[in-house]
Amino acid sequence: MEVDTAFIKSKRGILKVAEMATLFVAFVCFVVASKTRYIAATVTEFVITSLLLLLYLFKLNKRLTFFFWPLVDVFNSVFAAVYFIVLSLLAATTYTVTGTLVGGIVGIVFAGLMCVDSFVLFKNITFNKPRSEINQENNAN
């Protein structure tokens, strides 16, 4: 199995790693505060983000072609951004333990990273252009 080390060094790879780091910090904060509904949400999104990172890292998106993986990633990013904005605002406004407040703030940072991720991904997705035009546009920029 081939490992794409260039992906980790790219903007998208760094963004995925930053997303996972913020999710982990939010998870630890929610565990300290013992808020199970927030723990479940952060663990679920951590697993999804980890799987997408592994998908791109091991170039499985080239082998598993039954999905258009960048579009799946965009949908995940948009959904997670909206979900975590609501969840984090709820956690930050109704906190009783400081860990919940910090987890909510870190969750808002994560939602911002997901917004950036969805913007970067959606900017790179083209639906009706041949690949040669895409490469020419990327080389011109």
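Residues numbered from 1 in each chain as written. Predicted model: local features only at pLDDT ≥ 70, side-chain atom pairs only at ≥ 80, totals over all residues. Heavy atoms only, no water.

What about helix α3 (residues 36-57)?
Given a rise of 1.5 Å per residue, 22 residues ought to cover 32 Å, and the 31 Å separating the end C-alpha atoms of α3 matches this to within 8%. If you check which residues of α3 are buried, you get Y38, I39, A41, T42, E45, T49, S50, L52, L53, L55, Y56 and L57. Just downstream of α3 lies K59, where phi reads positive at about 55°. (Helix = DSSP H or I, 4+ residues; strand = E, 2+ residues; numbered from the N terminus. Expected span 1.5 Å × (residues − 1). Buried < 20%, exposed > 50% of the residue type's maximum accessible area, 1.4 Å probe, protein only.)

Some words on the side chain of D73
By secondary structure assignment, the location of D73 is in helix α5 (residues 69-93). Take D73: its relative accessible area is 0%, and that puts it in the buried class. Among residues more than four places away in sequence, those in contact with D73 are R12, K16, L52, Y56, D117 and L121. (Contact = heavy atoms within 4.5 Å.)

Regarding the UniProt feature "transmembrane region" (unreviewed entry) in the protein
Look at the UniProt record and you will see "transmembrane region" (unreviewed entry) annotated at residues 14-33, 39-58, 70-95 and 101-122. As annotated, residues 39-58 comprises 95% helix and 0% strand, and the C-alpha atoms at either end are separated by 28 Å. Secondary structure over residues 70-95 splits into 92% helix and 0% strand, and the C-alpha atoms at its two ends are 36 Å apart. (UniProt positions renumbered as here; feature names shortened; annotations may be inferred.)

Things to note about the packing of helix α2 (residues 11-33) against α3
Two elements in contact, α2 and α3, have axes separated by 9 Å at closest approach and are oriented at 160°. Judged by the inter-axis angle, α2 sits roughly antiparallel to α3. α3 is crossed by α2, and the crossing has left-handed handedness. Note on element contacts: α3 touches α2 through Y38, I39, T42, V43, E45, F46, T49, S50, L52, L53 and Y56, opposite R12, K16, E19, M20, L23, F24, A26, F27, F30 and V31. In terms of residue class, the contact of α2 with α3 is built from 14 nonpolar, three polar and four charged. (Axes fitted to C-alpha atoms, helices over the stretch in contact; angles between N-to-C directions. Parallel < 35°, antiparallel > 145°, perpendicular 65-115°, else oblique. Left-handed = near helix turned anticlockwise from the far one by under 90°. Nonpolar A, V, L, I, M, F, W, Y, C, P; charged D, E, K, R; others polar.)

Here's the deal with the pattern of salt bridges
Under the criterion given, the structure shown has five salt bridges. Measuring nitrogen to oxygen at the nearest pair gives 3.0 Å for the salt bridge that ties K59 to E2. Residue K59 is found in the loop between α3 and α4 (60-63), and its partner E2 is found in the segment before α1 (5-9); the two are separated by 57 residues along the sequence. Residues R12 and D73 are paired through a salt bridge, measuring 3.8 Å at the closest nitrogen-oxygen approach. (Salt bridge = Lys/Arg side-chain N within 4 Å of Asp/Glu carboxyl O.)

Quick notes on the packing of α2 against helix α6 (residues 98-124)
Contact pair α2 / α6: the axes reach a minimum separation of 8 Å and the direction vectors enclose 160°. One finds that α2 runs roughly antiparallel with respect to α6. Note that α2 runs across α6; the crossing there is left-handed. Here the residues of the contact of α2 with α6 are counted per class, giving 17 nonpolar, six polar and four charged.

A short note on the environment of L113
Mapping L113 onto the fold places it in helix α6. Judged by relative accessible area, which is 18%, L113 ranks as buried. Sequence-wise, L113 and S77 are 36 residues apart; in three dimensions their C-alpha atoms are separated by 8.9 Å. The contacts of L113, once residues within four sequence positions are left out, are L15, A18, E19 and T22.

Points about the confidence of the model for the protein
For the protein, the mean per-residue pLDDT works out to 87, and 89% of the residues sit at or above 70. Per-residue pLDDT, averaged within each element of the protein, yields its smallest value for helix α7 (residues 131-140) (53) and its largest for α2 (93). (pLDDT = per-residue confidence, 0-100.)

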